[in-house]
Amino acid sequence: QVQLVESGGGLVQAGGSLRLSCAPSGRTFSNYGMGWFRQAPGMERECVAAMTWNAGRTYYSDSVKGRFTISRDNAKNTVYLQMNGLKPEDTAVYYCAARYRAVLGSRPDEYDYWGQGTQVTVSS
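Predicted model, so just to flag it, every value in this text is computed and none were measured.

Quick look at the overall build of the protein
- Regarding its fold elements, the protein presents zero helices and eleven strands.
- Traced from its N-terminal end to its C-terminal end, the protein shows the element sequence β-β-β-β-β-β-β-β-β-β-β.
- Its C-alpha atoms give the protein a radius of gyration of 13 Å, near enough to 14 Å, the size a compact globule of 124 residues would have.
- Burial analysis of the protein (124 residues in total) assigns 44% to the buried set.

Below, the structure written as structure tokens:
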């Protein structure tokens, strides 16, 4: 069983940056595709960034393209989401997710394992 633990959330002013980290436990995740999702109150969970197991392909939602970067360090068994130019509309709970499939996934139902989420709040 893979358990994912996110960290790095917090309160930041508009225009600021945060880096989220996701560290799976229980097994190595080097063969897993990874994704970052977010969910604001009353909204559906949406994928903001995803990558294949070897980082050969990435996906970004239009709302974060050019501002967010997903990356992974398989040696450290950690995946990151660097968030720059944060906006109040980026406020949400951010979730890390993993899937044991080769192709890129951007829908919540395509992912097998989820973290507990970390709150990101951007003040105006």
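Observations concerning the side chain of Thr78
- Note that Thr78 resides in strand S8 (residues 78-83).
- We classify Thr78 as buried; its relative accessible area is 11%.
- A polar atom in the side chain of Thr78 sits 2.9 Å from the backbone oxygen of Lys76.
- Beyond its immediate sequence surroundings of up to four residues, Thr78 is in contact with Ser21, Cys22, Ala23, Phe29, Arg72 and Asp73.

A look at the side chain of Asp90
- As for its placement among the helices and strands, Asp90 is situated in the loop between S8 and strand S9 (92-99).
- Of the polar contacts made by the side chain of Asp90, one reaches the side chain of Arg38; its length is 2.8 Å.
- From its side chain, Asp90 meets the backbone nitrogen of Lys87 in a polar contact 2.8 Å long.
- Discounting residues that sit within four places of it in the chain, Asp90 has contacts with Arg38, Arg67, Phe68, Gly85, Val120 and Val122.

Observations concerning the environment of Glu6
- Following the sequence through the fold, Glu6 ends up in strand S1 (residues 3-7).
- Given the relative accessible area of 5%, Glu6 is considered buried.
- For Glu6, the residues in contact, after removing those within four places along its chain, are Ser21, Cys22, Trp36, Tyr94, Tyr95, Cys96, Gly115, Gln116, Gly117 and Thr118.
- A polar atom in the side chain of Glu6 sits 2.8 Å from the backbone nitrogen of Cys96.
- A distance of 2.9 Å separates a polar side-chain atom of Glu6 from the backbone nitrogen of Gly117.

Structural notes on the state of the cysteines
- The full count for this structure, using the stated rule, is one disulfide.
- Cys47 forms no disulfide, and the closest cysteine sulfur to it belongs to Cys96, at a distance of 11 Å.

Notes on the pairing of strand S7 (residues 68-73)
- The alternating pattern of S7 places Phe68, Ile70 and Arg72 on a buried face and Thr69, Ser71 and Asp73 on a face that is not buried.
- Note: S7 against S8, six bridges, orientation antiparallel. Directly across from Thr69, in S8, lies its bridge partner Gln82.

Some details on the environment of Thr69
- Inspection of the secondary structure assignment puts Thr69 in strand S7.
- Overall, Thr69 belongs to the partly exposed group, its relative accessible area being 40%.
- Considered as a pair, Thr69 and Leu81 are twelve residues apart in the sequence and their alpha carbons are 5.6 Å apart.
- Ignoring anything within four residues of it in the chain, the contact list for Thr69 reads Tyr60, Tyr80, Leu81 and Gln82.

Parameters and conventions
Residues numbered from 1 in each chain as written. Predicted model: local features only at pLDDT ≥ 70, side-chain atom pairs only at ≥ 80, totals over all residues. Heavy atoms only, no water. Helix = DSSP H or I, 4+ residues; strand = E, 2+ residues; numbered from the N terminus. Rg over C-alpha atoms; globule rule 2.2 N^0.38 Å. Buried < 20%, exposed > 50% of the residue type's maximum accessible area, 1.4 Å probe, protein only. Polar contact = N/O pair within 3.5 Å; in protein donor to acceptor, adjacent residues only side chain to side chain. Contact = heavy atoms within 4.5 Å. Disulfide = S-S within 2.5 Å. Pairing = 2+ DSSP bridges.

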